[in-house]
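For reference, the chains in residue letters:
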Amino acid sequence: MTANRRLTTPFTARTTAAEILDGVDLTGRRMIVTGGASGIGVETVRALAGAGADVTIATRDPRRAEALVEEFAGRGAVRSAALDLADLESVDAFVEGWQGPLDVLVANAGIMAIPTRQLTAQGWEMQLATNYLGHFALALGLHGSLRSAPAARVVVVSSGAHLAAPFDFDDPQFERRAYDPWAAYGQSKTAETLLAVGITRRWAVDGITANALNPGYIFTNLQRHMDDDTMRAMGAMDEAGNLVEADYYKNPAQGASTSVLLAGSPLLDGVSGRYFDDNQEAAVVPGGPDATGGVAAHALDPAAADRLWTYAEKAVVTR
């Protein structure tokens, strides 16, 4: 994180992803969007490809991307490839199949609030593995491709849930403390923000920038693990089981806008190690259970970013 003045843009929380790139030409730029077959990932891909980028949708089931690929048929702008972020062998296979430079990696895929503790084949708690470790391994494996592109960018989709959950280096896998789905989710989102900080600290010399973001509240399949009682407690469902959109909820095209801003806007040239919300750089706040906005200082802490990088690197190398 630099000490520069907070970056502001002319866009708002209601700006759509396509509006972010109005007049921007991304022709010739090669991009990967993980989880690009659903939710805000679809709108991220659609906006980037609509501006001329060559986009690969990295998804567990490429069949789910067929409609979006077909939407851009004849222009060769969108394709799909298999990637399961919870399986590091799948990450390895994706990396081995990638050829040539990579201009932008959008780490968009994620899971939220799995009700019970689940582990991957590598022994990582599932949310931390999917949201953070898989993206860490993917970025690490694609480092050479990012380095070979001029001014490559890494975009990490985090969440406001990080505010109350610093990374627990003493028990990151919930081996001793009681598993809590929201604590696990929040920790994974802190880890993702720290990934952007870690990349900035290590890869700036290669001309690679990295930033994280909070897309805001959007109804997508990310909520699939949440029961009705939880949805009601959040004010997102009424007693009859109908979804309720508060005024601050966004549609997917609006929810994808900050991802697209960081991935393709010239306003972000040279900007790195920062966290954005509603298309603006967020204010740094102390964090904690009462925090309602901004980015927690614990998610931008360079010492924590370095420690987490070493921890994850060891997990990837020694598996």
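Predicted model only: the values in this text are computed from it and were never measured.

1. Observations concerning the packing of aromatic side chains
Counted according to the given criterion, the structure contains nine aromatic pairs. For the pair F174 and Y179, a centre-to-centre distance of 5.4 Å together with 75° between the ring planes defines the contact as edge-to-face. With a centroid separation of 6.0 Å and 85° between ring planes, the pair formed by W182 and Y185 is classed as edge-to-face. Separated by three residues within a single helix, W182 and Y185 lie in helix 7 (residues 181–203), roughly one turn from each other. We classify W182 as partly exposed; its relative accessible area is 33%. Here Y185 falls in the buried class, since its relative accessible area comes to 5%. Taken together, W124, F167, F169 and Y311 form an aromatic cluster joined through their ring pairs. Above the face of the F174 ring, R177 is positioned so that its terminal group lies 3.7 Å from the ring centre.

2. Observations concerning the pairing of strand 1 (residues 30–34)
Counted residue by residue, strand 1 has four buried out of five residues, so it is predominantly covered. Across five bridges, the pairing between strand 1 and strand 2 (residues 54–59) is parallel. Of the residues in strand 2, the one forming a bridge with M31 is V55. Handedness of the β-α-β unit built from strand 1, helix 2 (residues 39–50) and strand 2 comes out right-handed.

3. Section: the pairing of strand 5 (residues 153–157)
Burial runs high along strand 5: five of the five residues are buried. Side chains R153, V155 and V157 project from strand 5 onto one buried face, and the interleaved V154 and V156 project onto a second face that is buried too. As paired strands, strand 4 (residues 104–107) and strand 5 are joined by four bridges and run parallel to one another. Pairing of V104 across the sheet is with R153, part of strand 5. Note: strand 5 against strand 6 (residues 209–214), five bridges, orientation parallel. Looking at the pairing, R153 lines up with T209 of strand 6. Tracing the backbone out of strand 5, into helix 7 and back to the parallel element strand 6 gives a crossover that is right-handed.

4. Observations regarding the environment of S80
Note on placement: S80 falls in strand 3 (residues 78–82). Here S80 is in contact with I57, P62, A65 and V69, once residues within four sequence places are set aside.

5. Observations regarding helix 10 (residues 257–264)
Along helix 10, eight of the eight residues are buried, which leaves the element largely enclosed by surrounding structure. Of the positions making up helix 10, those classed as buried are S257, T258, S259, V260, L261, L262, A263 and G264.

6. Quick notes on unusual backbone geometry
In the Ramachandran plot, A113 falls in the positive-phi region, its phi being about 55° despite a non-glycine side chain. The residue A113 is located in the loop between strand 4 and helix 5 (126–141) in this model.

7. Looking at the confidence of the model for the protein
Residues of the protein with pLDDT of at least 70 account for 90%, and the chain-wide mean is 92. In this model, residues 222–226 is a region of pLDDT below 50 whose contacts with residues beyond four sequence positions or in other chains number 18 contacts.

Quick notes on the rules
Residue numbers here run from 1 along each chain, matching the order of that chain's written sequence. A pLDDT threshold of at least 70 governs which residues receive local features in this predicted model, and a stricter bar of 80 or more applies before side-chain atom pairs are shown or counted, although totals over entire chains, interfaces and linings include all residues. Hydrogens and water molecules were not included; the side-chain quantities draw on all heavy atoms of the structure. Side-chain rings of Phe, Tyr and Trp (the six-membered ring for Trp) are treated as a pair once their centres are within 6.5 Å; stacked means planes under 30 degrees apart, edge-to-face means over 60, and tilted covers the remaining angles. Every helix listed is a DSSP run of H or I at least four residues long, and every strand listed is a run of E at least two residues long, numbered separately from the N terminus. Only protein chains enter the accessibility calculation, which uses a 1.4 Å probe. A residue is then buried if its area is under 20% of the maximum for its type, exposed if over 50%, and partly exposed in between. Two thresholds decide whether a charge sits over a ring: the Lys NZ or Arg CZ must be within 6 Å of the ring centre and within 35 degrees of the ring normal. We treat two strands as partners when DSSP finds at least two bridges between them. By definition, the crossover connecting two strands over a helix is right-handed if that path, from the first strand to the second, turns clockwise as seen with the strands pointing away from the viewer. The contact criterion used throughout is that any non-hydrogen atoms of two residues lie within 4.5 Å. Confidence of the predictor at the level of single residues is given by pLDDT, which spans 0 to 100.

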